[in-house]
Amino acid sequence: MIFTFYKAQGLPVGSSLVEEDKLSLPTTLLKKAKAKGAALLLPIDVVIADKFASDANNKIVLASAIPDGWMGLDIGPDLIKTFNEALETTKTII
């Protein structure tokens with residue numbers, strides 16, 4: 001669903017999977033998180049590929065820089081590091 005978040009914010013998502021019928025949800029969730037002072041960790045980097053196949057060309061890019069014809073498939077190493085750091089001090093995960 002992350003690419004739905006990005007498309008709702010006007011960021012390029014290439015040919016990533018987007019839930020077109022849910023484009024209003026990310027805005028609502030971001031507003032609720034902000035109002036509650038909750039951290040909503042969104043990917044800063046993603047693994048992209050030029051097709052959904054085991055022999056696809058792939059690379060890591062900023063989540064805000066997915067080129068046309070490429071699709072986001074997974075979180076990148078920077079977000080993994082961020083998640084690990086956040087989990088060290090987190091008391092509640094929803």
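Now for a look at the structure at hand. (Residues numbered from 1 in each chain as written. Predicted model: local features only at pLDDT ≥ 70, side-chain atom pairs only at ≥ 80, totals over all residues. Heavy atoms only, no water.)

## Things to note about the packing of aromatic side chains
(1) Moving on: The final tally for this structure, using the stated rule, is zero aromatic pairs.
(2) Moving on: A cation over a ring is seen here: Lys59 above Trp70, with NZ or CZ 4.6 Å from the ring centre. (Phe/Tyr/Trp six-rings, centres within 6.5 Å; stacked < 30°, edge-to-face > 60°. Lys NZ or Arg CZ within 6 Å of the ring centre and 35° of its normal.)

## Digging into the nonpolar core
(1) Moving on: Of all hydrophobic cores here, the largest spans 12 residues; its members are Ile2, Phe3, Phe5, Tyr6, Val13, Val18, Val46, Ile48, Val61, Ala63, Ile66 and Trp70.
(2) Moving on: Of all the elements in the fold, those that place two or more residues in this core are helix 1 (2–8) and strand 1 (45–49).
(3) Moving on: Among the elements that take part in this core, helix 1 stands out by supplying four residues, more than any other.
(4) Moving on: Aside from chain neighbours lying at most four places away, what touches Phe5 is Pro26, Leu29, Leu30, Leu40 and Leu42. (Core = buried A, V, L, I, M, F, W, Y, C linked by side-chain atoms within 4.5 Å. Buried < 20%, exposed > 50% of the residue type's maximum accessible area, 1.4 Å probe, protein only. Helix = DSSP H or I, 4+ residues; strand = E, 2+ residues; numbered from the N terminus. Contact = heavy atoms within 4.5 Å.)

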